[in-house]
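Results of the structural survey
Here is how the chains run, residue by residue.
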Amino acid sequence: MTKMKSPQDFAFSRRDLMRGAGALVVTAAGTSVGGRKARAALGSKVKPALHPAELDSFIHIGADGKVTAFFGKMDMGQGVDVAISQIVAEELDVTYAKVTTLLSDTGTSVNQGGASGSFAIKRGGHAMRHIAAEARRVLVEEAAKQLGVKPMALRVDDGVVSVKGNPRKKISYAEILQGRYFNHKLKWNKKYGNRLFSRGPAKPKSYKEYKVVGKPYPRIDVAGKVYGTSDFVTDIKVPGMVHGRVIHPEKAGTKIKSVDASSIKHIKGAQVVRQKDFLAVVADTEWDAVQAARDLKVTWTPSPKPFTKQKDLYNHIRKARVIKKKLDTNKGDVDGAFKSAAKVIEAEFEFPFQSHASMGPACAVVDTTSNPVMLWTGSQKAHYTAEGVERILKLKPGSVRGIWVPGPGSYGRNDAGDAAMQAAVLSKAVGKPVRVQGMRHEGTAWDPKNPASVHRCRAALDAKGNVLAYEFMSKAFDRQNVRSNESKPRDNLAGQALGVKLKPRTFFRSPEDIYTMPARRLGWEVIPPFLDRYSPLRTSHLRDPIGPQIHFASDQFHDMLAEEAGLDPVEYRLKYLVSKRDRDLIEAVAKKSGWQKRVGPNKGERGNILRGRGIGYALRSGCRVAIVSEVEVNKKTGKIWARKFTVSHDCGLIINPDGLTRTIHGNVGMAVSRILHEEVNFDEEMVTSVDWVSYPIVESPDAPEDIDVVLINRPDKPAQGAGEGSTRPVSGAVANAFYDATGVRMMRAPLSVERVKAALAKAKA
Amino acid sequence: MAKPQRMRLNVNGGHHIITVDPDMPLLYALRNDIGLNNPHFGCGLAQCGACTVHVNGKATRSCVTPVGSVKGKKIVTLTGLGTPEKPHPVQKAFLDEQVPQCGYCVNGWIMTAAEMLNKNPKLNDRQIREGLSGLKCRCGTHLAIHRAVKRAAKAMAS
Ligand code: FES
Ligand code: FES
């Protein structure tokens, strides 16, 4: 089962692949085309160097006609590779089965940004569509030359170019290329990452011609996971590899006073690596490393108590100095409306720090003894992570080959990049390949968190309850105290321990400006972090960054305004939403869920179990999602069961409806956990959420029993990112359903058992 | 750290001689000494199930099971449970329902559900939901998990 992997193996297998292709060239060269010998007129024998302006850097067609797409992004189990293969097959006019998409590997793909911002299809797919169309254009042009007709006279069926009306006059892609490379230049926009875009003069197909895009092809990685035959990053083993474990401070902000290396003398071969504040142990076996990390005696400086008491968190945010403020929307006379208002409604909502808490603590393997230096990482952005390794080791750009291997889950910026930098530092220090993996408490307490926040909502109403002005201001920790891309040592724990200069970001974001009250002000303020470096409360992106926070507040506040105006929450949204795409979604979700119209809470509920339904609606960078949540609240236990969700979803053109539906299920499943259970606990010295008991997430008995999805396909509209959009309205929909069931507004997340019990008791008193 | 011991483990029907600290969790022996990567390290605290294997037919969390305690017992991992050619009904159902996202948790769900249904496939929805508590899936694939286990239960009961 265990595959021994070394860079040599990789280089060899790749060379082998090429050699194999070469062998096939010989055979293919002998095949006849329409009775003539084919000539290898197109392309080159040698692959042009990896570059965004080279067609070969994105698409290869083998002598067997098989197509490989090289995609500089990864897939975290949503079928991105399948969708990209569909797009490429569609534009090339080959069957889906012929295409394989290889993901994030700096040796085979250019930096398209990794997984980030739900851009895999929206940006990455957009680029691949144009590039595949250009590949087809080049091939058809060459076919026209060889067949002696105009390109317009040709058609392509499953990679075979033939003359329209004369199907016997034909040549295949494989015959044209004969295993060679296109050697064809693209026009590149000079950008890397999500914004990378390359194309040629070819125009992609109209959606009306689609045969592959829009079909429900299954994922290709599922069998390997279900039968235990595929590797995770944790399974990578390299000859001579040793095991590293990083020692984090016992309390946040403390420094090493002394290390007693003799305390691990009993573990043969175990050694201490210390560079400034970076401390780790390295041992020959994983078990030895685990024990060495456990047994190593370290004396730390006294705790500077960098955090506030947890009960004071939101007051701290309210009072804290603002380091950046921005209004994303400021339309109409907001202040004037508040002055002349018949009534002003105000509410404040609070959202806690939450942990990425991936299924396993991060793992990475780095081998600095090889050339290039090798990195195996579960990071979402292997290209950037490889750059980070280059920088932390002070190597020349291009000296690290970074290969993404599926990791134990990732939903933004988790601890994967930190593990990669730690493994790099350790491999360099001991001169051997090093595997680093944390223990559970490191995965939960020391991974990046989503930012805690306070949201102040105000509305100016006229005498009839019409909203004249709407104001939504967030005050929060920065959303990316460490960047979601790990290319800079300053954004990684190892870099911070080594004392690199910091350059934190200050950024948050408002809900999208979709409601059409006459005056609107949507903005945010960012406050400084508690601890500027090596903080277990450092913030970064967690699935739909800041979405659950702002919609917990805004969707509840809109429901409050609806009740004030004597409107049902669906009616209210339809009153203030004007775009057809928005309105269609609200109507679709109301219809599919059997929405019961009412103003204010469900007063008819009796007994111990109270039932309610609530709606949430969000636009997230082009992806629109309406959600109805149906909950059952147990008055005695305080337990909420978010039993059923109905989701209507419009992300423009749908590439794969099955993949999309499952992606929505996962979003809702995780978002339910976050709104009902998740809150990072801490005291003045340290994060105290360290495992699944102190950081509980949703479990089987409490998971939703149904998530009903209505997909609205807009094939004439560009495909938008759907990776995270359906997370966004869950928090507000659940809180609104809770209010409907109980008549109690929850101003603070999560809606945990204790908090619900307290809120219900308070309402009764 | 106890003295390394030479021991024989019976895993997936094969015998493996290893020399290890008997106090070391079985998980590390399977992954590193025998080279079976199916059980994963999720928590090391018996809180998530990612490391589950069957010991004498019982779903067992290998992260807290000393390797010395399973000498002479029958250990089965995910690859021993079934193969693409001869899948366990639970594996087949997980494939049909396309359950895993990241898939790091899936070993735990399959091994636990397999033991549960091997004992008694005639379980109602409530019993299935409750029977799988104590396992974690961070990706939130519970809906698909429940569908798959119900599907497998049906197949096994008939
Ligand atoms: S790793 Fe064993 S239960 Fe979590
Ligand atoms: S599929 Fe990722 S943790 Fe379950």
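Residues numbered from 1 in each chain as written. Chains lettered and ligands numbered in written order. Predicted model: local features only at pLDDT ≥ 70, side-chain atom pairs only at ≥ 80, totals over all residues. Heavy atoms only, no water.

What follows deals with the interface of chain A and chain B. Opposite the 66 residues of chain A that make contact, chain B presents 58 residues. Approximately 5000 Å² of surface area, both sides summed, lies buried where chain A meets chain B, with 57% of it carried by carbon and sulfur atoms. Among the residues chain A hides against chain B, the three largest losses belong to A:Tyr227, A:Trp287 and A:Met359. Together they make up 17% of the total. Viewed at the interface, chain B and chain A are joined by three salt bridges. One can count 28 residue pairs in polar contact (both at pLDDT 80 or more) joining chain A with chain B. Ranked by residue count, the leading element in the side of chain A that touches chain B is helix H16 (residues 657-676) of chain A, at six residues. A per-class count over the side of chain A that touches chain B returns 28 nonpolar, 20 polar and 18 charged. (Contact = heavy atoms within 4.5 Å. Buried area = accessible area lost by both parts, 1.4 Å probe. Salt bridge = Lys/Arg side-chain N within 4 Å of Asp/Glu carboxyl O. Polar contact = N/O pair within 3.5 Å; in protein donor to acceptor, adjacent residues only side chain to side chain. Helix = DSSP H or I, 4+ residues; strand = E, 2+ residues; numbered from the N terminus. Nonpolar A, V, L, I, M, F, W, Y, C, P; charged D, E, K, R; others polar.)

All right, on to the domain arrangement of chain B then. By a frequent convention, interface size equals the accessible area lost on bringing the separate parts together. Residue and element names in this part refer to chain B. Domain annotation of chain B identifies domain 1 (5-80) and domain 2 (82-157). Using C-alpha coordinates to define each centre, domain 1 is positioned 21 Å away from domain 2. Opposite the 22 residues of domain 1 that make contact, domain 2 presents 14 residues. Approximately 1300 Å² of surface area, both sides summed, lies buried where domain 1 meets domain 2, with 51% of it carried by carbon and sulfur atoms. The largest per-residue losses of area from domain 1 upon contact with domain 2 belong to His-40, His-54 and Leu-78, which jointly make up 38% of the total buried on that side. Our count for the domain 1 to domain 2 interface comes out at zero salt bridges. Summed over the shared surface of domain 1 and domain 2, the result is nine residue pairs in polar contact (both at pLDDT 80 or more). Considering only residue class, the side of domain 1 that touches domain 2 consists of nine nonpolar, eleven polar and two charged. (Domains from an automatic or database assignment.)

We now examine H16(A). Residue and element names in this part refer to chain A. Here H16 contains 20 residues, and its C-alpha end-to-end distance of 28 Å stays within 8% of the 28 Å for a straight helix at 1.5 Å per residue. Across the 20 residues that make up H16, a large majority, 16, are buried. In this structure Asn-656 caps H16, since a side-chain oxygen of it lies 3.1 Å from the backbone nitrogen of Asp-658. (Expected span 1.5 Å × (residues − 1). Buried < 20%, exposed > 50% of the residue type's maximum accessible area, 1.4 Å probe, protein only.)

Along the polypeptide, A:Gln178 turns up in the loop between helix H4 (173-177) and strand E9 (187-188). According to the relative accessible area criterion, A:Gln178 is buried, its value standing at 4%.

This part is about the confidence of the model for chain B. When pLDDT is averaged across chain B, the result is 97; 99% of the residues are at 70 or more. In the predicted assembly, ipTM is 0.98 and pTM is 0.95. (pLDDT = per-residue confidence, 0-100.)

What follows covers the pattern of salt bridges. Residue and element names in this part refer to chain A. Tallied over the full model, the rule gives 69 salt bridges over all chains. Note that Asp-418 and Arg-538 form a salt bridge whose closest N and O atoms lie 2.9 Å from each other. Of this pair, Asp-418 sits in helix H10 (residues 416-430) while Arg-538 sits in the loop between strand E26 (519-527) and helix H13 (547-564), placing them 120 residues apart in sequence. Take Asp-418 and Arg-538: they sit in the same class, and that class is buried. Within this structure, Glu-90, Asp-93, Arg-136, Lys-205 and Lys-211 form a network of salt bridges that share partners.

What follows concerns the sheet that holds strand E4 (residues 58-61) of chain B. Residue and element names in this part refer to chain B. Spatially, five strands are ordered E2-E1-E5-E3-E4 in an open sheet, and the strand pairing comes out mixed. In the strand order of this sheet, the two ends are held by strand E2 (14-20) and E4, each with one partner. In this sheet, adjacent strand axes meet at a mean angle of 40° when their direction is disregarded. Across two bridges, the pairing between strand E3 (residues 52-55) and strand E5 (residues 74-76) is antiparallel. If you follow Val-55 over to E5, its bridge partner there is Ile-75. Packing against the sheet, helix H4 (residues 106-119) makes contact with E3, E4 and E5, and its axis sits at approximately 30° to E3. (Pairing = 2+ DSSP bridges. Axes fitted to C-alpha atoms, helices over the stretch in contact; angles between N-to-C directions.)

The next point concerns the domain arrangement of chain A. Residues and elements named next belong to chain A. With domains assigned, chain A is organised as domain 1 (21-222), domain 2 (238-303 + 357-441), domain 3 (310-356 + 448-527) and domain 4 (547-764). In this structure, domain 2 and domain 3 have C-alpha centres spaced 35 Å apart. With 27 residues of domain 2 at the interface, the matching set in domain 3 holds 18 residues. Looking at the side of domain 2 facing domain 3, the largest losses of area belong to Ala-357, Arg-391 and Arg-413, adding up to 33% of the total buried there. Along the contact surface separating domain 2 from domain 3 lie one salt bridge. Residues Arg-413 and Glu-486 are paired through a salt bridge, measuring 3.9 Å at the closest nitrogen-oxygen approach. If you look at where domain 2 meets domain 3, you find 15 residue pairs in polar contact (both at pLDDT 80 or more). Of all the elements in the fold, those that place two or more residues in the side of domain 2 that touches domain 3 are helix H9 (382-392) and H10. Residue classes in the side of domain 2 that touches domain 3 are distributed as eight nonpolar, eleven polar and eight charged.

Mapped onto the fold, A:Val238 is located in the loop between helix H5 (222-226) and strand E11 (242-246). Taking the C-alpha atoms as reference points, A:Val238 and A:Ala763, 525 residues apart in sequence, are found 61 Å from one another.

With that settled, the discussion passes to the packing of helix H14 (residues 569-576) of chain A against helix H15 (residues 580-593) of chain A. Residue and element names in this part refer to chain A. Where H14 meets H15, the closest approach of the two axes is 10 Å, and the angle between their N-to-C directions is 165°. The angle between the axes of H14 and H15 places the two elements in the roughly antiparallel class. Crossing handedness for the pair H14 and H15: left-handed. Between H14 and H15, the residues in contact are Val-570, Arg-573 and Leu-574 and Arg-583, Ile-586, Glu-587 and Ala-590, respectively. Its residues placed into classes, the contact of H14 with H15 shows four nonpolar, no polar and three charged. (Parallel < 35°, antiparallel > 145°, perpendicular 65-115°, else oblique. Left-handed = near helix turned anticlockwise from the far one by under 90°.)

Moving on, we come to the environment of B:Cys63. All names here are of chain B. As for its placement among the helices and strands, Cys-63 is situated in the loop between E4 and E5. The class for Cys-63 is buried, based on a relative accessible area of 8%. Placed 26 residues apart in sequence, Cys-63 and Asn-37 show a C-alpha to C-alpha distance of 13 Å. Those residues in contact with Cys-63 that lie beyond four places of it in its chain are Pro-25, Leu-27, Gly-44, Leu-45, Ala-46 and Cys-51.

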